[in-house]
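One letter stands for each residue in the lines below.
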Amino acid sequence: ADLRGAVKAGAPFDPLTTPQRFVILAGDLFEAAALPLLMPLLAHEAPRVDVVVERTEANVMERLEAGTAHLAFLPLAFTPATLRRQMLPDARFVVLMRKHHPLAQGKLSLAKYLGASHLLVAPRGLPGSLVDSALERLGHQRRVALRIAHFVTAPYTVATSDLLLTVPETAAAFALRHLPLHLANLPKE
């Protein structure tokens, strides 16, 4: 709303000197993966810009339309066509497991993948996922032994258990830098 007011009043927005506060609605995966890259850039290019990251809730559309939030990261299926959208590149899914997990030896087969216990990150607390939907289409089902709400805590749990974690490669790269984990390709049929 402040930005719209400034544009309407003819005031130029100079990122080097204009103070501005942007509210981003996103999950912890965005915080872990994007903020370490975004904040140094803002410090250099827009030192008076402040960023507030808030949890993505059910009222995302209302917040964007009202101007109380400026940007949201969420699946395309939850975004109405009335809002301006920008697709992010598709990230392939990979499987994380503890470094010396019995399945870390050799190629991970679909049978081994399905026979293992899994950790599912469900930010909204609901069962199911893109992975589970894809498995169902193939006539398969996996056992989700643990369902949690946050991506950032998931690798820590996997690093100390026999659970498998299927995540976008970007999330795996973040976790691999900090924990003793093994990355495997998601098995195909």
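Scroll up to find the structure.
Okay, so let's go over this structure. Keep in mind that what you see is a predicted model, and the values were worked out from it rather than measured. (Residues numbered from 1 in each chain as written. Predicted model: local features only at pLDDT ≥ 70, side-chain atom pairs only at ≥ 80, totals over all residues. Heavy atoms only, no water.)

1. A look at the overall build of the protein
- Helix and strand content of the protein: seven helices and eight strands.
- Within the protein, the proportion of its 189 residues that are buried is 32%.
- Across the protein, the fraction of contacts at a sequence separation of at least 24, relative to all contacts at a separation of at least 6, is 72%. (Helix = DSSP H or I, 4+ residues; strand = E, 2+ residues; numbered from the N terminus. Buried < 20%, exposed > 50% of the residue type's maximum accessible area, 1.4 Å probe, protein only. Contact = heavy atoms within 4.5 Å.)

2. Section: the pattern of salt bridges
- Going through the model one piece at a time under the given rule, you end up with four salt bridges.
- The partner of Arg 92 in a salt bridge is Glu 169, and the shortest N-O contact between them spans 3.2 Å. Here the residue Arg 92 occupies a position in the loop between β3 (71-72) and β4 (93-98), and Glu 169 occupies one in helix α7 (residues 169-176), the gap between them amounting to 77 residues.
- The exposure class of Arg 92 is partly exposed, given its relative accessible area of 40%.
- Across the pair Arg 98 and Asp 162 runs a salt bridge whose closest N-O atoms are separated by 2.8 Å. Of this pair, Arg 98 sits in strand β4 while Asp 162 sits in the loop between α6 (154-159) and β7 (164-168), and the two are 64 residues apart along the sequence.
- Of the residues examined, Asp 162 reaches a relative accessible area of 43% and is grouped as partly exposed. (Salt bridge = Lys/Arg side-chain N within 4 Å of Asp/Glu carboxyl O.)

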